[in-house]
Structures are given as structure tokens and as C-alpha cells.
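The chain contents come next:
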Amino acid sequence: MSNRIITPVAEFEDLLPDDYKDLINNGPFFEKKSIEDLGSFKEIIDDHPHCAGCGVALGIRLVAAALPSPEDTLIVGTPGCSFFGLSQTALNYSTTAFGNQNAVASGLKRMLKIRYPERTKDVVVVVGDGGIADIGLDLTLHSWFRGEKISTIMVDNEVYGNTGGQESGMSRQGKVLNMAPNGKLFPKLPIFDMAKISGCVYAARVTVASPAKVGMTVRKAIFLAREVGPTYVQIYTPCPTNLKFPPNQTLNIAKEAEKDYYSYEELMTPEAKDYLENNLK
Amino acid sequence: MYVKVRVDEKKCVGCKLCIFACPDPNVLTYTENKKVSADENRCKGCGLCVSSCPKGALIIS
């Protein structure tokens, strides 16, 4: 997206809604914005319909603020809680059938490389745990095996949130949910460890309780996906509605998880480390 | 019943921790005099900003 494309012509300026005019004047485009500048620019066109205290909404907000070049970024999403927020961000966004996100992103990345050979276009997949770990697991793993240069970001709320609380592959063992009254029977899927052996050059695991780390890992993942290979970031975003805790405790739950089983971890291949040292300022 | 956030400008030190904690964009904004101001029309009243504020400058009521 360029300044010329989103700026309206003078004749039509009166017809556009105030929200859109705000976005042109105060949006994240054309200036370097980072996660530290949150609160000083407009990041979204309209309200999103997430629940109060939603960790997924917070995770998406932090990811959107951390993008190194939002005007050249295409976000690919899939149905679930994550796409309610994404479809209303001020970013290029494409939705897909459930689980197809990495296959669609692979095609879009190749097409954008042919269409804009002189510009770097980032394709970022932002989906929930159902899209990556359950229904889209085969397409996600195959995009990593093929070495497609896309970054995959999982907002992991450990439950199918918008369909009423079914257990997902990323739920913890023994967790009792609305539609899993006996508790989950098998352990949480080790997608983070699978990313390491499936060809990802960079994998990171963070929680929403540490926004600086979220920003840093997302930036690294996108820079590495431009040149080196596929990258993966997993963000823990607890869900107050279905995991049954008060909405003002989201960050405390995430902090406890960080101490317990969701510790900050970062895996890099040697060539990715070399690239970051030489290119990232 | 509607619950909304209010900022006590005397207690606010402008650390921006509440802005990083809020799931809803454009509710809490950083003003030019280095304080936080709240847009009450967009607030959903979850209370995450209140639990993250070290100075107790935010109230949900």
C-alpha cells in the first residue's frame, strides 16, 4: 500500500467516514512505528467484536504494532477468534478456508515476488491454535518442509473460542472445558519442537505478558522470512470466556504460565544467526 | 450495567503499561502532555489496565 493509494481524491473526501480520514492522518503507515509508540497512532479502522479482556485481541494488537513495514505486509488468516480482529486492522488482509492459510500464503508470496520484483513484500500468517495445530497441520508442516519464505504466527488460546469451548490439540492435558467435561485426555501438541525439525530457521515462544519480547520476536521472524527461510512464533493468549477466569486476570494467568510451562524460548539455525548479526540494526 | 475506565490525571506518570495491556486499540491514548487519556465510548470494561497500573491511577466504574 502506498500513500497515493489510500489517500482519497479531493472530490470524494467528504463522502468517506471519519474513521477512514483518521486512519490517513494518524495511521501507522509511511513512518517507522514500533511497539514502543503504541497509543500515539491509530491502528484499527473500527472496533473489533472480541470479548472483554481477550488475550487473542491483545496478541493481534501487539503483532500488528510490531510489523516492520505495515504498508508492504499481507496478513493471511483463517476462521476462528483471530480473524475477528484481523479483518478490521488497517492492513492488507486475506481470509482462507479453515486450515488452508499456509498453502494460500505460499502462493501469494510467489505471486507477489513476480508482480513486485523490486519491492520486498512480507506475507505473515496470523492464526489461532485450531488453524495451525489441528485442521491445518498438514499444510503448515508442508509449507515448512518446502522452505517457503513466510512467517507463521500462532495466537495460542488453548481452546476453540468462538464455537463454544471445544478442546483443541493445544489444550493442556486434564483441562475441563465447556464441551470437554471429562478433561482432555492427551497432552498438548509440541508444535514448537516440531517447527525446529521441520525446516524453520527461527522459532520463538512468548506470552502476551511481555510485549517487548513479542515485538522483538515478530520483527526477527519477519526479517528472517524475507531472505533465509520459514519462521514460527507462538504467542500464549489466554481466553477468559472459555478458560473461566475473570477478564482482568489475563495478564496474571499469562505470567503464571510463563513461569510454569510456557517459558520464553528462542531457536535459531546458525545461518539465521549470521544473517541477523549482519543485517539487523 | 456499563463499566468504563477513568484516568486520574494527578496520579498518572505516563509509563504506558496500561496501553500495552489493553486488548482494544485506540481506547487508551498517549497525549502530548505525557499522560494517558481514555476514550470511554470504546472501553469494554475488562479491567486489565487497572490490574497493570503500578500507581493506581485508573478506576473502573
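A.B. asks: Which parts of the structure should I look at to understand the overall build of chain B?
C.D. replies: Summing up its helical and strand segments, chain B has two helices and four strands in all. Helices and strands in chain B line up, N terminus first, as β-α-β-β-α-β. The C-alpha atoms of chain B give 10 Å as radius of gyration, which agrees with the globular expectation for 61 residues (10 Å, within 12%). Overall, the C-alpha framework of chain B stretches about 30 × 20 × 15 Å when taken along its three principal axes. Per-residue burial over chain B gives 39% buried out of 61 residues.

A.B. asks: Hey, could you run me through the pairing of strand β3 (residues 122-128) of chain A in this one?
C.D. replies: Regular strands show a simple pattern: their side chains alternate between the two faces of the sheet. Among the seven residues in β3(A), seven count as buried, and that is most of the element. Along β3(A), one buried face is formed by D122(A), V124(A), V126(A) and G128(A) and the opposite face, lined by V123(A), V125(A) and V127(A), is buried too.

A.B. asks: Got a minute to help me understand the environment of K244(A) in this structure?
C.D. replies: Residue and element names in this part refer to chain A. On the secondary structure map, K244 appears in the loop between α10 (240-243) and α11 (250-260). Given 11 C-beta atoms within 10 Å, K244 falls into the exposed group. Sequence separation between K244 and L177 is 67 residues; the distance between their C-alpha atoms is 8.7 Å.

A.B. asks: Would you mind showing me how to read the interface of chain B and chain A here?
C.D. replies: A common way to express how large an interface is: the accessible area buried when the components associate. On the chain A side, the residues contacting the 20 residues of chain B number 20 residues. Secondary-structure elements contributing two or more residues to the side of chain B that touches chain A are α1 (17-21), β2 (28-30) and α2 (48-52) of chain B. No other element matches α2(B), which puts four residues into the side of chain B that touches chain A. Across the side of chain B that touches chain A, the residue classes tally to 10 nonpolar, six polar and four charged.

A.B. asks: Help me out: how do you make sense of the environment of A105(A) in this one?
C.D. replies: Residues and elements named next belong to chain A. Its location among the elements puts A105 in helix α5 (residues 101-115). Under the C-beta neighbour-count criterion, A105 is labelled buried, with 27 such atoms within 10 Å. Dropping the residues within four chain positions of it, A105 is found in contact with V76, V123, V125 and I150.

A.B. asks: Please explain the domain arrangement of chain A as it appears in this structure.
C.D. replies: Domain boundaries in chain A define domain 1 (1-30) and domain 2 (46-279). A separation of 29 Å is found between the C-alpha centroids of domain 1 of chain A and domain 2 of chain A.

A.B. asks: Help me understand unusual backbone geometry, please; the structure alone is not making it clear to me.
C.D. replies: Most peptide bonds take the trans form, and the phi angle of most residues other than glycine is negative. The phi angle at E158(A) is positive, at roughly 65 degrees, despite the residue not being glycine. Here E158(A) is to be found in the loop between β4 (151-156) and α8 (191-197). The class for E158(A) is buried, based on 26 C-beta atoms found within 10 Å. The residue K34(B) is not glycine, and still its phi comes out positive at about 60 degrees. With respect to the helices and strands, K34(B) occurs in the loop between β2 and β3 (36-38).

A.B. asks: Mind showing me how you'd approach the packing of α5(A) against helix α7 (residues 137-145) of chain A here?
C.D. replies: All names here are of chain A. Taken N-terminus to C-terminus, the directions of α5 and α7 make an angle of 35 degrees; their axes are 7 Å apart at the nearest point. On α7, the residues touching N102, A103 and S106 of α5 are L139, T140 and S143. Residue composition of the contact of α5 with α7, grouped by class: two nonpolar, four polar and no charged.

A.B. asks: Would you mind going over the environment of L224(A) with me for this structure?
C.D. replies: All names here are of chain A. Here L224 shows up in helix α9 (residues 211-227). In this structure L224 comes out as buried when scored by C-beta crowding, with 26 C-beta atoms within 10 Å. Considered as a pair, L224 and K255 are 31 residues apart in the sequence and their alpha carbons are 28 Å apart. Not counting chain neighbours up to four residues away, the residues in contact with L224 comprise V201, Y202, T231, A272 and Y275.

A.B. asks: When you look at the sheet that holds strand β7 (residues 265-268) of chain A in this model, what are you seeing that I'm missing?
C.D. replies: Pairing between the strands of a sheet comes from backbone hydrogen bonds, and it takes one of two forms, parallel or antiparallel. All names here are of chain A. Strands sit in the order β2-β1-β3-β4-β6-β5-β7 across an open sheet of seven strands; the sheet is mixed. For this open sheet the edge positions go to β2 (92-95) and β7, each flanked by a neighbour on one side alone. The average undirected angle you get between the axes of adjacent strands in this sheet is 20 degrees. Bridge count between strand β1 (residues 73-77) and β2: four bridges; the pairing is parallel. If you follow I75 over to β2, its bridge partner there is Y93.

A.B. asks: Whenever I open this one, the pairing of β1(A) confuses me. Can you help?
C.D. replies: Alignment of β1(A) against β3(A), held across four bridges, turns out to be parallel. Looking at β3(A), one finds that I75(A) is bridged to V124(A).

A.B. asks: What should I look at first to understand α5(A) in this one?
C.D. replies: Helical geometry: 3.6 residues make up each α-helical turn, so side chains three or four residues apart lie on a common side. All names here are of chain A. The end-to-end C-alpha distance of α5 is 21 Å, a good match for the 21 Å that 15 residues give at a rise of 1.5 Å each. Listed as buried for α5 are Q101, N102, V104, A105 and S106. Turning to α5, the residues buried within the fold contact β1, β2, β3, α6 (129-135), α7 and β4.

What counts and what doesn't
Residues numbered from 1 in each chain as written. Chains lettered and ligands numbered in written order. Predicted model: local features only at pLDDT ≥ 70, side-chain atom pairs only at ≥ 80, totals over all residues. Helix = DSSP H or I, 4+ residues; strand = E, 2+ residues; numbered from the N terminus. Rg over C-alpha atoms; globule rule 2.2 N^0.38 Å. Buried ≥ 20, exposed ≤ 12 C-beta atoms within 10 Å, placed from the backbone. Contact = placed C-beta atoms within 7 Å. Nonpolar A, V, L, I, M, F, W, Y, C, P; charged D, E, K, R; others polar. Domains from an automatic or database assignment. Axes fitted to C-alpha atoms, helices over the stretch in contact; angles between N-to-C directions. Pairing = 2+ DSSP bridges. Expected span 1.5 Å × (residues − 1).

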